[in-house]
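A look at the structure
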Amino acid sequence: MIRSRSGGAAAAVRHEDGFLQRGAEVTRIEAFVDAAFAFAITLMVISIDEIPDSIDALKLALKAIPSYAASFLLIALFWRGHADWSRRYGLDDRQSQRLSLLLVFLVLIFIYPLRMVFDALFSWISSGWLPAKFSLSTLSDLRLMFAVFALAFGSMGLVSCLLYVHAWRLRERIGLDALERDLTRHAMLRWAVIPLFSLISLALTAWLPMIPGVPWSVALPGCIFFGLHLVQLVMPIQHRRILARHGPIAP
Amino acid sequence: MSVPTAPPNTVPTDPAARGRVAQPSRLEAFVDAAFAFALTLLVISIDTIPESIDDLTAALKGVPAFALSFAVIAMFWYQHARWSRRYGSDRLAVTLLSLVLVFLVLIYVYPLKIVFSAAMTTLSGGWLPSTTRIDSLDDLVLVYRIYGLGWSAMWLCIVGLYGIAARSGAPTPERAADIAANLAVGAVAIATGLASVLIAGVLPAERSWVHGLPGIVYVAMNLAWPASHVAARRAARTAAA
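What you see as residue numbers is a count from 1 along each chain, following the sequence as written. Going through the entries in the order they are written, you letter the chains from A and number the ligands from 1. Thresholds applied to this predicted model are a pLDDT of at least 70 for local features of residues and 80 or more for the giving and counting of side-chain atom pairs; totals over whole chains, interfaces and linings are not thresholded and use all residues. Side-chain numbers here rest on the full set of heavy atoms in the structure, without hydrogens or water.

1. What to know about the overall build of chain A
- Secondary structure counts use DSSP, requiring at least four H or I residues in a row for a helix and at least two E residues in a row for a strand, with both numbered from the N terminus. Tallying secondary structure elements over chain A gives nine helices and zero strands in all.
- The linear arrangement of helices and strands in chain A, starting from the amino end, is α-α-α-α-α-α-α-α-α.
- When each of the 251 residues of chain A is scored for burial, the buried share is 52%.
- The criterion used for residue contact is that any of the two residues' heavy atoms lie within 4.5 Å. Expressed as a percentage of contacts within chain A between residues at least 6 apart in sequence, the contacts between residues at least 24 apart total 79%.
- Here chain A displays about 11,500 Å² of accessible surface, and carbon together with sulfur accounts for 69% of that area. The buried label goes to any residue with under 20% of its type's maximum accessible area, the exposed label to any with over 50%, and the partly exposed label to all in between, with areas taken from a 1.4 Å probe on protein chains only. Surface accessibility follows the Shrake-Rupley procedure with a 1.4 Å probe radius. Residue values consider only the protein chains on display as shielding.

And the structure:
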C-alpha cells in the first residue's frame, strides 16, 4: 500500500533542498525509528559505567567526549538521513517499514563496535592521552576492528541507499517531478558511496600490513574513510548545480 | 526554465486505510517508544561497552539470537501499528489493551533473549554463546512455559484489538474480511503457544531431540496463512449476504 500523507498538490510546499513536502506528519515507523535511535545514543552514554565518584573519574569520563561526539555524529547522520527521506517521499508501505526496521537493527548491533573504534582512533591520534579501555595487541585484533567498522558503516549506508532506491522505483506513484527525480538519483549516489568505501576498506584490511616497515600503514583501512569527507564536499556542490539547472524554486 | 508543479499526490488506494486517525495519537507514540526501548534492552551487550577484542567477538556472536528476538518484537509492534492504522481509536478499551501489550513486551524481552540464545547455542553445537545456562529439564520446561504464555498473552491483546474493531464501525465485506483474517491468525498463534506449553509439561526425563519439540511446534504458525484466507473469504461472503 502506498500512502501519501500530503493533502494533494495544493498543500505541497517545496523545501529548500528541492523536494516537495510529502511527509509532514510523523508515521508510526518514524516515531519508532526516532525512539530507537534516541535510545541507541543514550546507551552509549549511560554504559560508560556509572556517575563518576571522584574528580579523577570525572576527568577520565570527560576525556571520552571526543569519541562520544564522533559516535553521536555518525548515528545522527543516519537518523537525519532517514528523517530527510521520510519528509521527501512520505512513504509508509511495507518495504519502507522493513528497511527502516533493518536500519534500527543495524544501529543497535553496531552502537558499541562504533564506540570502540572511535575510542581506539582518538587514543591513537593523541598517543594514549585520550583513554581507550582496551588494547589492540595483535594484527588480527586490528583487522577484526576495522572489518567490524567497515561492515557496520557500510551496511547502514547500504540500507539508507536502498531507501532511496525504493523511492526511485515508486517515482510514478509518488508523483516525483523532473527536479525531484534528478535529486533522488543524486541522493542514491550519495549514500552508495558509503558501502563503496567500506568495500575498499575491507579489501585493504585483508592485505594488512600494506607497506612493510611503515608502521602507520596498518591504519590505512580506517584512514580511507577520511576520503568520504572529500566526497561530502563535492556532493553539495552537485546538489546546488541540479537545483540551478532546474531554475529558481517556486515558493 | 521553471520548476514544474507536482502532479497531485496519490490518494490512498487501500480501502482499509480509510478512517484511520490522521496523526499518531499519544497512545501510539507511547507504544512506539516502549517497543523501541524493548529492542534496545535486547542490544547485544547491554551492560558495558566491550573492553577487549575478545569481548567484541563474544558480543558479535550474540547477533543471531538478537536478530530473532528483534524479529519477534518488531512483529508485535507491526501488528499494533497495522491495527491502529486501520481501526485506530482512543477508546478506553483500546488504551488498556495497548498498555497491557506494552507491559507484556517489557516482561517478555528477557525470556525471549534467553530462549533464542539457548536455541542458537544448541543449534551451533555450543559455538554461539548462551546468556543463560539451562541445566535441567525443569529449567527448560520453565523457559518454554514463560515463552509460550507470553506469546499467547500478547497475541490475545492483538485479538482483543481486532475484537473491538469488529464490534464498531460499518460491517463492509472488506472490513469484515480483514478483521476475520487477523482474528484467525491470532487464534492460530494462541493455540500454538498453548500447545507448546502443554507439550513442555509432558516431556520425558531422558535427554533426546524430543526436548526441542515445544520449540518445533511453532512451525504450526505456518497454518496462519491458509486459516486467515479461509476466514476472510467466509466473512466477506457473510457480510455481503
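2. Regarding the confidence of the model for chain A
All names here are of chain A.
- The predictor rates its confidence in each residue with pLDDT, a number between 0 and 100. Mean pLDDT over chain A works out to 82, with 85% of the residues at or above the 70 mark.
- When mean pLDDT is taken per element in chain A, helix α7 (residues 178-206) scores highest with 91 and helix α2 (residues 55-63) scores lowest with 77.
- Below a pLDDT of 50 lies the segment residues 1-10, which in the model reaches 38 contacts outside its immediate sequence neighbourhood of four places, other chains included.

3. Here we look at helix α3 (residues 63-87) of chain B
- Working rule for helices: expected span equals 1.5 Å times residues minus one. In this model α3 of chain B runs 35 Å from its N-terminal to its C-terminal C-alpha over 25 residues, within 8% of the 36 Å that 1.5 Å per residue would give.
- With respect to burial, α3 of chain B is a largely interior element, 20 of its 25 residues being buried.

4. What to know about the nonpolar core
- Among the nonpolar cores identified, the biggest contains 125 residues, and Tyr89 of chain A together with Phe35, Phe70, Ile73, Phe76, Tyr147 and Trp151 of chain B are the most heavily contacted of them.
- Not counting chain neighbours up to four residues away, the residues in contact with Tyr147 of chain B comprise Val72, Tyr108, Leu112, Val115, Phe116 and Tyr218 of chain B.
- For our purposes a nonpolar core is just a set of buried Ala, Val, Leu, Ile, Met, Phe, Trp, Tyr and Cys residues, chained together by side-chain atoms within 4.5 Å. Counting five residues, the second-largest nonpolar core is a separate cluster that includes Val141, Tyr144, Ala200 and Leu203 of chain B.

5. A few points about a nonpolar patch on the surface
- Patch membership needs two things, relative accessible area over 30% and no salt bridge, and members are linked within 9 Å if like-charged or within 5 Å if nonpolar (Val, Leu, Ile, Met, Phe, Trp, Tyr). Only one rule defines a salt bridge in this text: a Lys or Arg side-chain nitrogen within 4 Å of an Asp or Glu carboxyl oxygen. Nonpolar side chains collect at one region of the surface, where Ile55, Leu58, Leu62 and Ile65 of chain A lie side by side and expose about 370 Å² of accessible area between them.
- Within the element layout of this structure, Leu58 of chain A appears in helix α2.

6. What to know about the side chain of Ser196 of chain B
- By the secondary structure assignment, Ser196 of chain B is in helix α6 (residues 173-201).
- Apart from residues lying up to four places away in sequence, Ser196 of chain B is in contact with Pro214, Val217 and Tyr218 of chain B.

7. Notes on the packing of helix α1 (residues 26-42) of chain B against α3 of chain B
All names here are of chain B.
- Orientation is described by axes fitted as lines to C-alpha atoms, over the contacting stretch for helices, and by angles from 0 to 180 degrees between their N-to-C directions. Orientation of α1 relative to α3, taken along the N-to-C sense of each, is 175°, at an axis distance of 10 Å. One way to sum up the angle between α1 and α3 is to call them roughly antiparallel. Taken together, the residues of α3 that come into contact with α1 (itself represented by Glu28, Val31, Asp32, Phe35, Ala38, Leu39 and Leu42) are Phe66, Ser69, Phe70, Ile73, Phe76, Trp77, His80 and Ser84. An angle below 35 degrees is read as roughly parallel, one above 145 as roughly antiparallel, one from 65 to 115 as roughly perpendicular, and any other as oblique.

8. Examining the pattern of salt bridges
All names here are of chain A.
- By the definition in use, this model includes 15 salt bridges over all chains.
- The partner of Asp177 in a salt bridge is Arg14, with the nearest N and O atoms 2.7 Å apart. Placement of Asp177 in the loop between α6 (171-174) and α7 and of Arg14 in the segment before α1 (28-46) is noted, with a sequence separation of 163 residues between them. Comparing Asp177 with Arg14 shows no difference in burial state: the two are buried.
- Residue Asp182 is joined to Arg245 by a salt bridge in which the shortest nitrogen-to-oxygen separation is 3.4 Å.

9. Some thoughts on the side chain of Ser71 of chain A
Residues and elements named next belong to chain A.
- Turning to its location among the elements, Ser71 is positioned in helix α3 (residues 65-89).
- Overall, Ser71 belongs to the buried group, its relative accessible area being 0%.
- For this analysis, a polar contact is any N or O atom pair within 3.5 Å, provided that within protein one partner can donate a hydrogen and the other can accept it, and provided that sequence-adjacent residues contribute only side-chain to side-chain pairs. Separated by 2.7 Å, the side chain of Ser71 and the backbone oxygen of Ser67 make a polar contact.
- Beyond its immediate stretch of four places on either side in the chain, Ser71 contacts Met44, Leu114, Arg115 and Phe118.

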